[in-house]
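Chain by chain, the residues:
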Amino acid sequence: MPRLGTGIGWRPEIADTVEAMPGIDWVEVVAENVCPGHLPESLLRLRERGVTVIPHGVSLGLGGAERPGPGRLTALAERVAALGAPLVTEHIAFVRAGGALTASPHLEAGHLLPVPRTRDALDVLCENVRIAQDALPVPLALENIAALFSWPGEELTEGQFLSELVERTGVRLLVDVANLHTNHVNRGEDPVAALAALPLEAIAYVHVAGGFERDGVWHDSHAHPVPRAVLDILTDLASRVTPPGVLLERDDDFPGPAELRRELDAVRESVAAGAARSTGTGKPGTPEARTAGGGAAVDGSRVGGRGRVGGGGPAVASAATAVDGPTAAVDGTATAVNSPAAAVNGPATAMDSPATAVDGTAAAVNSPATAADDAATATEDTAAATTAGTVPAGDGVRQRLGVAQAAVLSSLVAGTPVPEGFDRARMGVQARALAAKRAGVVAKVAPELPEILGDGYRAAFLAYARSLPMSGGYRRDALDFAGHLLKLGRPDDPGTRRELREWWLHRAGPAPRPRGLAARARVLLRRS
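The structure presented is a predicted model; accordingly, all values stated were derived computationally and were not measured. (Residues numbered from 1 in each chain as written. Predicted model: local features only at pLDDT ≥ 70, side-chain atom pairs only at ≥ 80, totals over all residues. Heavy atoms only, no water.)

A.B. asks: Tell me about the packing of aromatic side chains, and please be specific about residues and values.
C.D. replies: Enumeration over the complete set of coordinates arrives at 9 aromatic pairs. Both rings, one in Trp26 and one in Tyr205, keep their centres 4.6 Å apart while their planes meet at 70°; by these two values the pair is edge-to-face. Of this pair, Trp26 sits in strand β2 (residues 26-30) while Tyr205 sits in strand β9 (residues 203-208), and the two are 179 residues apart along the sequence. Looking at Trp26, the relative accessible area reads 0%, which means it is buried. (Phe/Tyr/Trp six-rings, centres within 6.5 Å; stacked < 30°, edge-to-face > 60°. Helix = DSSP H or I, 4+ residues; strand = E, 2+ residues; numbered from the N terminus. Buried < 20%, exposed > 50% of the residue type's maximum accessible area, 1.4 Å probe, protein only.)

And the structure:
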């Protein structure tokens, strides 16, 4: 893998700051938020200066029961090519459930949710990763996610789950130390034990981010300073292995340039402290064991050109595959339901939840990959997985996982009962967090709605979100919310309701409606 150095998550709100900041070796961009043919000028200037840009996907849903859709994979590959990226990253998570596999309404989470650490879920994940690796032109790395709740009946620890995933697929790891801290607070998992169990030689790079604690629950907000506990985990990791890159994530409530520089300095100091702490020959932390991603596989020869290694030990691809190929991004729009999703009463499994793209920036990503698209390639994908040496997950395994994930997601976004075995209080926290996130993202993609509705926007949206799940991306959600209010005869004020109706009509059609009487008259004359 390439040596990346110290980086920061590129966001439009801090584009100028990132460009002007010294010591930035690389940046990461949410894949779904860029369009290959219309890259932001700031990213183009960074690339011209030799700054590496890594696309970070949030909507493939590789931990879901369905196989990844070819449309989403193609979109992600296009973004890889446009950015000239040496690798691409995604999450170990599911982001949608239901549909034909479970004969239930299709549901979108709008968020990253944890998969259960079970043998069934691991089999499905491994096959989905193989499908993605075959479709992407550069190595793939997957991120461990933060979770507010645990699945009952889990069979593996996080370290065991990730180690076996790497061994079976050769996929790289994007280790998020902030998510290890989140899972420590929320699920009682020891970050030191997790690091000790990870195949550290498979690390592509590391994420660092801030959050906050409320009522004993840690929220991975990416909108707060990085706490000392997270930096301490980073130091521990750096004492075991030299990470190829470390990146600071910030998604909201952006501080000024001076504060961002201080946070990046703290990240560098924590890595240096870890390197200084390592001692002993041949132990974790020594030169022999400290280099992550720098050589060939621990065991076995490489398969193909996408950073996958066959063999029996923890598989790691060699660093030589920085291919400038097409990337495909995904938007995660769904076919779906405007009515509460049917509760699917089935066994529970696991979920996680981190970042989400503000959809709609890239037009190419906003066309949903349909169930028919996925079904059309299922046979081909199964054959490819068998050839690659991974035993395909049977339809029965996928269906069991799909029923469990649909039941969980339905309880979180459609108000159906919480499945047996889950912590109801934690599921309530997660459901409220998902609704609050929807309200926040919709306010960003459709800022006119909070302006029209004023102080009543948030309460109205949360009431809508309690029983009506997302039927597509966030822009679709904004239209559905406005339409829902209008059907109810709201807002009560006639002038506000008229303004909301005009907004909805202007955006719901195939083309924007002309503004003003003169513009409308011109349209009528052209039609006559």
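A.B. asks: Describe the packing of helix α4 (residues 119-135) against helix α5 (residues 158-169), naming the residues involved and giving the relevant values.
C.D. replies: Following both chains from N to C, one finds α4 and α5 inclined at 40°, their axes separated by 10 Å at the closest point. Overall, the two elements α4 and α5 adopt an arrangement that is oblique. The chirality of how α4 crosses α5 is right-handed. Touching Arg119, Leu122, Asp123, Leu125, Cys126, Val129, Arg130 and Gln133 of α4 are Phe161, Glu164, Leu165, Arg168 and Thr169, all from α5. Here the contact of α4 with α5 is composed, by residue class, of 6 nonpolar, 2 polar and 5 charged. (Axes fitted to C-alpha atoms, helices over the stretch in contact; angles between N-to-C directions. Parallel < 35°, antiparallel > 145°, perpendicular 65-115°, else oblique. Left-handed = near helix turned anticlockwise from the far one by under 90°. Contact = heavy atoms within 4.5 Å. Nonpolar A, V, L, I, M, F, W, Y, C, P; charged D, E, K, R; others polar.)

A.B. asks: Tell me what's going on with helix α9 (residues 257-277), and back it up with residues and numbers.
C.D. replies: Between the first and last C-alpha of α9 there are 30 Å, a value that for 21 residues agrees with the 30 Å anticipated at 1.5 Å per step. Within α9, burial applies to Leu260, Glu263, Leu264, Ala266, Val267, Ser270 and Gly274. The arc that holds the buried residues of α9, viewed along the axis, is 150°, so those residues lie on one side. Opposite the buried face of α9, at more than 90 degrees from it, the exposed residues are Arg262, Glu269 and Ala276. (Expected span 1.5 Å × (residues − 1). Arc of directions from axis to C-beta.)

A.B. asks: Can you break down the pairing of strand β1 (residues 5-9) residue by residue, with the values?
C.D. replies: For β1, the buried fraction is high: 4 of the 5 residues fall into the buried class. Pairing of β1 with strand β12 (residues 245-248), which is carried by 4 bridges, proceeds in the parallel orientation. Looking at β12, one finds that Gly7 is bridged to Leu247. Across 3 bridges, β1 lies against β2 in parallel orientation. Across the sheet, the residue bridging to Gly7 is Trp26, located in β2. Read from β1 through helix α1 (residues 15-20) to β2, the crossover connection turns out right-handed. (Pairing = 2+ DSSP bridges. Right-handed = clockwise from strand over helix to strand, strands pointing away.)

A.B. asks: Outline the nonpolar core, listing residues and values.
C.D. replies: Ranked by size, the top nonpolar core spans 89 residues in total, and within it Val27 and Val208 carry the most contacts. Setting aside chain neighbours within four positions, we find Val208 in contact with Val177, Val226, Val230, Leu231, Leu234, Val246, Leu247, Leu248, Glu249 and Val267. (Core = buried A, V, L, I, M, F, W, Y, C linked by side-chain atoms within 4.5 Å.)

A.B. asks: Residue-level account of the pairing of β9, with values.
C.D. replies: Burial analysis of β9 places 6 of its 6 residues in the buried class, which makes it a mostly covered element. Relative to β9, strand β8 (residues 172-176) runs parallel, the two sharing 4 bridges. Along β9, the bridge assignment pairs Val175 with Val206.

A.B. asks: Account for the side chain of His111, naming residues and giving values.
C.D. replies: Locating His111 in the fold gives a position in strand β6 (residues 104-113). You can call His111 buried: its relative accessible area is 12%.

A.B. asks: Kindly report on the pattern of salt bridges, identifying the contributing residues and their values.
C.D. replies: It is possible for side chains bearing opposite charge to pair when their charged atoms get close. Under the definition given, this model contains 22 salt bridges. Taking the shortest distance from any N to any O, the salt bridge between Glu78 and Arg79 comes out at 3.9 Å. Across the pair Lys444 and Asp252 runs a salt bridge, and its minimum N-O distance is 3.8 Å. On the criterion of sequence distance, the pair formed by Lys444 in helix α14 (residues 424-445) and Asp252 in the loop between β12 and α9 is long-range, its members being 192 residues apart. (Salt bridge = Lys/Arg side-chain N within 4 Å of Asp/Glu carboxyl O.)

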